[in-house]
Each structure stands twice: as C-alpha cells, then as structure tokens.
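# Topology and contacts: notes
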Amino acid sequence: METKGTVIGIVGSPNREGRTNQLVMASLKGAAQAGAATELIQMADHVVSACKDCLPWVCASNMKCSYEDAAFEFLSDKVLSCGALVLGTPIYWWDTSGMMRYFFLKMFRVFARSAPLLGLPVFGIGVAGGTGNGLVTGLRPVYQFFQVMQMKALEPLPVTRFNFDACIQKAGQLGSELAGMVGKRTPFTSLEERLQWYDNLSYLNLSRLAERRLLADHAVASLLSDDGPALAMKLVESDRLAAAGRTEQMAAEVTRVYDAAVKAFEEKAKKKG
C-alpha cells in the first residue's frame, strides 16, 4: 500500500490499549484533523527478531536482512514509505521497550548507511507509568534512533500519569504539526547541523537529577488541593539548595516532595474512585 502521505503511528508496547496507545492515537487524531491520512500500527503484532550481527555485513549494501523476519519487513516497509512518523514506547526501568530496541538495531544495520529516511518528520512519546522514573532517560534511545537515521525530529513528549491529560493535548498538537510537514522533508545539510539540532531539543540533555526534579514538578502540578502550593514552595527551596552547590541536599528535598506529591495524588484518586 502506498503511504507516502500517511502519518504512521507505532505503539511499541505489549499493551494495545494502554497509555502509550492512547497517546499515539491522540497524535494521529491531531494529524487527521489537520488533513493528513493516518495509520496506527501495534508493534506487539509485529515483533522483530534479534539481530544476529552476521558477517559479512551484506545487509547494509543490499538493504535487506539476511534472515527471514516478516515483522521487520512489515515495519521497515511502513516506515520507509510513510510521510511522517510517531513512535510511542512505554518506559520500563528507565528504558525503552525491548521490542523497540530490536527494531532500532535492525534498522541501523540495514538502513543507517544509505539514509533513506533523511529529513523524515518524526517525534517520540515515552510513557513512564507507575513511578514516572525515566521519563526522559527512556526516551533518549528513541531520539538516538531518529538522529542516527537522520530524521528531523520534533520535541520529545515525556509522559507520566501525573501529566497525562496535558500530554494527550500536546500529542494532538504535535500530530497536527507533523501533518503540515508531510511531503516537505528538510534534510540536514551536515553532520554538525544534525548533532546541534538534537542537542537543542527539549529535555534530552537533562541530568538525572534534573530529570528527577522534572518528575517531582509534574507530580506537584497534578494536585489541585492545598498540598500543591505548599509542595511547590518546597521545590523552590530545592532549587535554592542546587544554586548553592548543595546537590545532595537538593536531591533529598526533591525526593521528599515527590513522595508527598505521589501520596496526595493517590489519595485524590481513591476519593474519585
């Protein structure tokens, strides 16, 4: 099927109806409302086999895996023929899902050198459920994939249960933006431009402590009760500690705020339920 004008959304989660699916669907809805054709793909239905790292390395020249892998052929054909791409992954233990990783490695081996995706408009969604830990760290492999394949990525969308509703709206906005880029590839003119582009994207250069601070901020912002402002002031205090070079104390304060916010968030959820 010809899909040159289609915005493809790939859900890299074994849960076909979970938060990752909802976010990818929201992005495709935004693209569709902006006039683009869309298609949703569940990676759970097309799980790529592990790369065998075989030698000689013929797949880079003939652009085909030497071993039969129907899932890889299906997914790679879809990506190679789309007009724009959304990749969504759950984040497990601060990392991208395993099925995404298998797909990335084979794409690197087969297509990275020939760069058939040069300038393809893309963005990634990472959904850190439960604790929310790794909301940025787990997205970095997705953006490493985009960078190596020379795609033109929009900002990443790091998602937790605390900022989920806002992220649904943001996913739709990014999907709409992608729709306007279909058929308008703008390839990088040099390696240096590409590296700078990815260095300048939001979130990706956060330290682990800054990522933790972002997570605490999302948890606090989710509270509409009296707990929210009080905890927000404590986050401001953690920033003062950081500015004074008291990093360890800052980290401990952020954790205390995060723990209190999660407790309040879950108590609020119980009352609603």
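Cut-offs applied
Residues numbered from 1 in each chain as written. Predicted model: local features only at pLDDT ≥ 70, side-chain atom pairs only at ≥ 80, totals over all residues. Heavy atoms only, no water. Helix = DSSP H or I, 4+ residues; strand = E, 2+ residues; numbered from the N terminus. Buried < 20%, exposed > 50% of the residue type's maximum accessible area, 1.4 Å probe, protein only. Contact = heavy atoms within 4.5 Å. Axes fitted to C-alpha atoms, helices over the stretch in contact; angles between N-to-C directions. Parallel < 35°, antiparallel > 145°, perpendicular 65-115°, else oblique. Left-handed = near helix turned anticlockwise from the far one by under 90°. Nonpolar A, V, L, I, M, F, W, Y, C, P; charged D, E, K, R; others polar. Patch = residues over 30% accessible without salt bridge, like charges linked within 9 Å, V, L, I, M, F, W, Y side chains within 5 Å. Areas by Shrake-Rupley, 256 points an atom, 1.4 Å probe, with all protein chains shown as cover. Salt bridge = Lys/Arg side-chain N within 4 Å of Asp/Glu carboxyl O. Phe/Tyr/Trp six-rings, centres within 6.5 Å; stacked < 30°, edge-to-face > 60°. Expected span 1.5 Å × (residues − 1). Core = buried A, V, L, I, M, F, W, Y, C linked by side-chain atoms within 4.5 Å.

## Notes on the environment of Leu-120
Of note, Leu-120 is situated in the loop between α4 (98-111) and β5 (121-128). Using a relative accessible area of 0% as the deciding quantity, one classes Leu-120 as buried. Spatially, the C-alpha atoms of Leu-120 and Asn-21 are 22 Å apart, while their sequence positions differ by 99 residues. Ignoring anything within four residues of it in the chain, the contact list for Leu-120 reads Val-79, Cys-82, Gly-83, Ala-84, Leu-85, Met-151, Lys-152 and Arg-185.

## A few points about the packing of helix α5 (residues 140-148) against helix α7 (residues 191-199)
Put simply, α5 and α7 touch, their axes get as near as 10 Å, and they point 160° apart. In terms of axis orientation, α5 runs roughly antiparallel to α7. Considering only the axes of α5 and α7, their crossing is right-handed. The residues of α7 that touch α5, namely those facing Tyr-143, Phe-146, Gln-147 and Val-148, are Arg-194, Leu-195 and Tyr-198. When grouped by side-chain class, the residues that make up the contact of α5 with α7 number five nonpolar, one polar and one charged.

## Topic: a nonpolar patch on the surface
Together, Tyr-92, Trp-93 and Trp-94 make up an exposed nonpolar region whose accessible area comes to about 430 Å². You can see Trp-93 is positioned in the loop between β3 (84-92) and β4 (95-96).

## Quick word on the packing of aromatic side chains
Under the defined criterion, the tally for this structure stands at 12 aromatic pairs. When the centroid spacing of 5.0 Å and the interplanar angle of 75° are considered together, the rings of Tyr-143 and Phe-146 count as edge-to-face. With Tyr-143 and Phe-146 both in helix α5 and three residues apart, this pair spans about one turn of that helix. Grouping residues by exposure puts Tyr-143 and Phe-146 together as buried.

## Topic: α4
Between its first and last C-alpha atoms α4 spans 20 Å; for 14 residues at 1.5 Å apiece the expected length is 20 Å, and the two agree. Where α4 is concerned, the buried positions are Met-99, Met-100, Phe-103, Phe-104, Lys-106, Met-107, Arg-109, Val-110 and Phe-111. Contacts made by the buried residues of α4 are with β1 (6-11), α2 (59-62), α3 (70-81), β3, β4 and α5.

## Digging into helix α8 (residues 208-221)
With 14 residues, α8 ought to run about 20 Å at 1.5 Å a step, and its terminal C-alpha atoms sit 20 Å apart, in line with that. Considered for burial, the residues of α8 that qualify are Glu-211, Arg-213, Leu-214, Leu-215, Ala-216, His-218, Ala-219 and Val-220.

## Points about the pattern of salt bridges
The full count for this structure, using the stated rule, is 12 salt bridges. Note that Arg-161 is salt-bridged to Glu-266, the shortest N-O span being 3.0 Å. Pair noted here: Arg-161 is in the loop between β7 (157-160) and α6 (164-179) and Glu-266 is in helix α10 (residues 247-272), with a separation of 105 residues, a long-range link. Residues joined by salt bridges that share partners form a network here, namely Arg-213, Asp-217 and Asp-239.

## Points about the nonpolar core
Residues Leu-85, Phe-103, Tyr-143, Phe-146 and Met-151 are the most contacted members of the largest nonpolar core, which totals 60 residues. A total of seven residues in this core trace back to one element, the largest contributor, which is α4. Sequence-distant contacts of Leu-85, defined by excluding residues within four places in its chain, comprise Ile-8, Ile-10, Val-79, Leu-120, Pro-121, Val-122, Phe-123, Met-151 and Leu-178. Counting residues in each nonpolar core, the second largest holds 22 residues, with Ala-128, Leu-135, Ala-216 and Leu-241 among its members.

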